Number of protein chains: 2
Amino acid sequence: VTTEDALYASAPALRSLAADVLHGWGMPLDRATESAALIVESDLRGVDSHGISMLPQYERLVAEGRVDVGAAPEVVSSSDSGCLIDAHDSFGHLAMKWAMDAAVERATAHGVAAVGVRRSHHFGAAGIYATMASDRGMIGLVTTTTRTRAVVPTRGTQALLGTNPMAFAAPTDDPERPFLLDMSTSTVAVNKVKTYDHRGLVIPEGWVVDDAGHQLTDHAIAHRQVRAQAGGGLTPLGGAEATAGYKGYGLSVMVQILAGALTGSTFAPHRSPSQHHDDIGHFCLVIDPGAFGSPEVFLESVAQVVTSLRQQQPAVPGLPVLVAGDPEWAARRRREREGVPLSRVLARMLTDLAHRSGVDALTLADHPLDQPYAETEEDR
Amino acid sequence: VTTEDALYASAPALRSLAADVLHGWGMPLDRATESAALIVESDLRGVDSHGISMLPQYERLVAEGRVDVGAAPEVVSSSDSGCLIDAHDSFGHLAMKWAMDAAVERATAHGVAAVGVRRSHHFGAAGIYATMASDRGMIGLVTTTTRTRAVVPTRGTQALLGTNPMAFAAPTDDPERPFLLDMSTSTVAVNKVKTYDHRGLVIPEGWVVDDAGHQLTDHAIAHRQVRAQAGGGLTPLGGAEATAGYKGYGLSVMVQILAGALTGSTFAPHRSPSQHHDDIGHFCLVIDPGAFGSPEVFLESVAQVVTSLRQQQPAVPGLPVLVAGDPEWAARRRREREGVPLSRVLARMLTDLAHRSGVDALTLADHPLDQPYAETEEDR
């Protein structure tokens, strides 16, 4: 979204739209409201690809009967330090929030806890859930499998793995700026290749390979290759074998083992054509630093690390050394005041969606709102 | 080590040397024997940089009084699902083994457990410990801080982070071939740059940057830059910002938080010059898949993933798609029979070390031993 073209919507307006739409599809109102807040938190943090822009895709999945929008997640087994949740083919947002709540509760009692979710679906940005731990002074790790085969294993020819993201959050001395690593285990996301194609930009070497393992830099060819879900696709983090792409490939399999195998969810390439639901799996781990020593000393220690990094002299003046999460927190501060910028294409899609769903259209402005926006506790 | 130049030593001979040397420095015999087995396991797996080749460095650290070779690790706090071990400035091998033992025991009872180690030192290869979990049908994650500042944060100019490795192991249907990801969070290790320099090879772009963030490809300049521990150094996994080096940078900080901040260990850049010991921290996490569902289904599920990957048609015929751990297990099968190949330089260093330590010299052969080698349970 370039600033000149953007239309702006307030976070409450986006939450209202998302809640109304989800409720209209058959989700009980309380769960729709809670899911909407989780969706729009992505937009506030600047993770545009995982927030409100997903609604049109969600609509298609619901129409195809691949998501049971009214189903409630259920705890199917539970122990001192963990549990397993069956999302019953619902969207993943609420199931994952429940998973984090369960993990935080058990970590409070036992120091560490792990929770899995199976038969779930897209849950937005993994980082949204990881910071539910850091907001409570704990360490959170979140992983998930993904629907789409996009990533080619090192030395391979076919996209067999998903972008299999992982998020890791830890509290710092600044409650508004926890450490938050939220990353796919591929070099870039599918959407980034799409954006480059739409803008006609050269694809940097190391993002996309064809089915012979050759680097693709032509935006149209690279985008087509990634979309095809057949030969070629995205490289794992690290890119080529010479630059240690096998490490990103290994991380991707690690995510598949934690979020997929451990929860009993399907490995995408083995999903049968007759399988109606995607059966996405999620995993989270929560650690209470208080179980290892003084929570205050821990916070100071993390703060010392991130401060040292931020204070380092940058290679290019004006491009400061950042710490994971800094871009999200900067976006959040800005967007809470200015509203969330939407491309005109997305704004139109959301207007049409509201119309089809028979709910109130989104209020849009053609300039930043810059309104004094007092967010309440409940908005979080 | 090129095969033509190598000298070969059997694993039992290497263990014997390492145990005798450690014992000679003041480590009680039982702990020296156990530590030696952990050291030589790296060599068997082909991780030459982290095994017997460390002994000369260990000797220097002991001589400088930076390692208390006789100290025994001690559990300083303990709970249902975790504990904290103080290694009392001893080498890390035994402390980390005790940590894994404690984590496996607690995970057996509670499904998941996390253990930290502080005031420790080099422990060899992280993967050695991660597979202690997979050998018992569990998932193991191991991280450690490192002594040397080697990695430049994205956009930065100074090496502030260590190579901060992490290892992740999970059992498969083949007990001899668990999934084992054992990686530094940098693109490559310091030793790899050294090897390229010694061989006069061009350094691939994306490995090393100078203090202005520019890629270095000249082997001598790159090696000097990495050794300097001042401006410039290794890139984090992903390389440049355009190829998502900020993800590897984030992973490096994640490791620092788990193994450093959580255990109360020192962040290397904040180590005071007067601090005599390095105060390395380790962290491990163990998850029992049986706490989430059927262990058999889990094994099948992991096996399905790794088999699909291995069966994929490779981009280059003869270079098969591997799964993390495959190179280690291939090396292990070969070296159990042929012995461990040592460069003549290293063989000489070990001979000198044995002489200085007053212990029996290593028996060396100038060809693969190819002896029927029956490893006993105790050797593992």
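Described in the following lines is the structure provided in the data block. Here the residue index of a chain counts from 1 through its sequence in written order. Written order determines the labels here, with chains lettered from A and ligands numbered from 1. Per-residue local features are limited, in this predicted model, to residues with pLDDT of at least 70; the limit for side-chain atom pairs, both in listing and counting, is 80 or more; totals at the level of whole chains, interfaces and linings are taken over all residues. Heavy atoms throughout the structure, all of them, feed into the side-chain values; hydrogens and water do not.

Residues and elements named next belong to chain B. In spatial order, the strands read E2-E3-E4-E11-E5-E6-E7; together these seven strands make up an open sheet with mixed pairing. A single partner strand is all that each edge strand has here, and the edge strands are strand E2 (74-79) and strand E7 (179-183). With direction set aside, neighbouring strand axes in the sheet form an average angle of 10°. Bridging between strand E5 (residues 139-144) and strand E6 (residues 166-170) involves four bridges; their strand directions are antiparallel. By the bridge assignment, Gly 140 is partnered in E6 with Ala 169. Packing against the sheet, helix H5 (residues 126-134) makes contact with E5, E6, E7 and strand E11 (280-287), and its axis sits at approximately 25° to E6. A pair of strands counts as paired when DSSP detects no fewer than two bridges linking them. A run of H or I in DSSP counts as a helix once it spans at least four residues, and a run of E counts as a strand once it spans at least two, with each numbered from the N terminus. Axes, fitted as lines to C-alpha atoms, cover a helix only where it is in contact. Angles between the N-to-C directions of the axes lie from 0 to 180 degrees. In this description, contact between two residues means that some pair of their heavy atoms is separated by no more than 4.5 Å.

Let's shift gears to the interface of chain B and chain A. Contacts between chain B and chain A engage 79 residues on the former and 79 residues on the latter. Summing both sides of the interface, chain B and chain A together bury roughly 6400 Å²; the carbon and sulfur share of this comes to 70%. Considering only the surface of chain B that becomes buried against chain A, Arg 155, Lys 247 and Phe 292 of chain B emerge as the three largest contributors, covering 13% of it. Criterion for a salt bridge: a side-chain nitrogen of Lys or Arg within 4 Å of a carboxyl oxygen of Asp or Glu. Across the contact surface, chain B and chain A share zero salt bridges. N or O atoms within 3.5 Å of each other form a polar contact, as long as, within protein, one can give a hydrogen and the other can take it, and as long as residues adjacent in sequence are counted only when both atoms are side-chain atoms. Counting the contacts that link chain B with chain A gives 27 residue pairs in polar contact (both at pLDDT 80 or more). The greatest single-element share of the side of chain B that touches chain A, amounting to 12 residues, is contributed by helix H8 (residues 245-261) of chain B. Three residue categories are used. Nonpolar comprises Ala, Val, Leu, Ile, Met, Phe, Trp, Tyr, Cys and Pro, charged comprises Asp, Glu, Lys and Arg, and polar comprises the others, including Gly. Per-class residue counts for the side of chain B that touches chain A are 50 nonpolar, 24 polar and five charged. Accessible area, probed at 1.4 Å, shrinks when two parts are joined; the buried area is that loss added up over both.

A few words now on the relation of the copies chain B and chain A. What relates the pair of chain copies is a rotation about an axis plus a shift along that axis. Structural alignment of chain B on chain A gives an RMSD of 0.0 Å, achieved by rotating through 180° and translating 0.0 Å along the axis. Such a combination of rotation and displacement between the chain copies is what one expects of a two-fold axis. For chain B, the smallest separation between a C-alpha atom and the rotation axis is recorded for Gly 238 of chain B, amounting to 2.1 Å. Only residues with pLDDT of at least 70 in both copies contribute their C-alpha atoms to the least-squares superposition of the copies.

To continue, consider the pattern of salt bridges. All names here are of chain B. Throughout the structure, instances matching the rule amount to 40 salt bridges over all chains. Linking Asp 86 and Arg 118 is a salt bridge whose minimum nitrogen-to-oxygen distance equals 3.3 Å. Separated by 32 residues along the polypeptide, Asp 86 in strand E3 (residues 82-86) and Arg 118 in strand E4 (residues 112-120) bring together distant segments of the chain. On the accessibility criterion, Asp 86 (2% relative accessible area) is buried. The cut-offs for exposure are 20% and 50% of the maximum accessible area for each residue type, with area from a 1.4 Å probe on protein chains only; residues under the lower value are buried, those over the upper are exposed, and the others partly exposed. The exposure class assigned to Arg 118 is partly exposed, which follows from its relative accessible area of 26%.

Bear in mind that shape data such as this cannot, by itself, settle questions of function.
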